[in-house]
Amino acid sequence: MAKNYYDPADLRKFGEITEWSEELGNKFFDYYGKVFEEGALSAREKSLIALAVAHVVKCPYCIDAYTKDGLQRGITKEEMMEAVHAGAAIESGATLVHGVQMMNKYKKLSM
């Protein structure tokens, strides 16, 4: 049986990134921890945002982590899917709006 490139067990090894760059790794984890503290947004809201972004950047580790986190925070499957669609809509829109750049360039070159 072939091993997947993304091994779900690797998510548990995330903390090990500090081994090769302790100072920067620790700074990242300090920052990451601060970002996900309660603030103007609740931890629940931040979890939904993280899940949507995880899909947009296509990170299977993040998708696993924030699906689990969301379940633990009482986020429903409908809320999760709606967040994923919101992320997908923004990603699609960002791609399509760059079509204006192409249209402008085409018009300039075809004159």
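Higher on the page you've got the structure.
Residues numbered from 1 in each chain as written. Predicted model: local features only at pLDDT ≥ 70, side-chain atom pairs only at ≥ 80, totals over all residues. Heavy atoms only, no water.

Draft legend 1. Geometry of the side chain of Thr18. For Thr18, the position within the fold is in the segment before helix H1 (22–35). Judged by its relative accessible area of 17%, Thr18 is buried. When sequence neighbours within four positions are dropped, the list of residues in contact with Thr18 reads Gly25, Asn26 and Phe29. (Helix = DSSP H or I, 4+ residues; strand = E, 2+ residues; numbered from the N terminus. Buried < 20%, exposed > 50% of the residue type's maximum accessible area, 1.4 Å probe, protein only. Contact = heavy atoms within 4.5 Å.)

Draft legend 2. Layout of the nonpolar core. Judged by nonpolar contacts, Leu48, Ala50, Leu51, Ala52, Tyr66, Ile75, Met80 and Ala83 together constitute the single largest core of eight residues. Elements with a minimum of two residues in this core: helix H2 (43–56) and helix H4 (77–109). In terms of residues, this core owes the most to one element, H2, which gives four residues. Sequence-distant contacts of Ala52, defined by excluding residues within four places in its chain, comprise Ala83 and Gly87. (Core = buried A, V, L, I, M, F, W, Y, C linked by side-chain atoms within 4.5 Å.)

Draft legend 3. Structural detail: the packing of H2 against H4. At a closest axis distance of 8 Å, the pairing of H2 and H4 adopts a crossing angle of 50°. In this view, H2 runs oblique relative to H4, as classed from their interaxial angle. Crossing of H2 over H4 shows right-handed handedness. Contacts between H2 and H4 involve Arg44, Leu48, Leu51, Ala52, His55 and Val56 from the first element and Glu79, Met80, Ala83, Val84, Gly87, Ala88 and Glu91 from the second. Broken down by class, the residue content of the contact of H2 with H4 amounts to eight nonpolar, two polar and three charged. (Axes fitted to C-alpha atoms, helices over the stretch in contact; angles between N-to-C directions. Parallel < 35°, antiparallel > 145°, perpendicular 65-115°, else oblique. Left-handed = near helix turned anticlockwise from the far one by under 90°. Nonpolar A, V, L, I, M, F, W, Y, C, P; charged D, E, K, R; others polar.)

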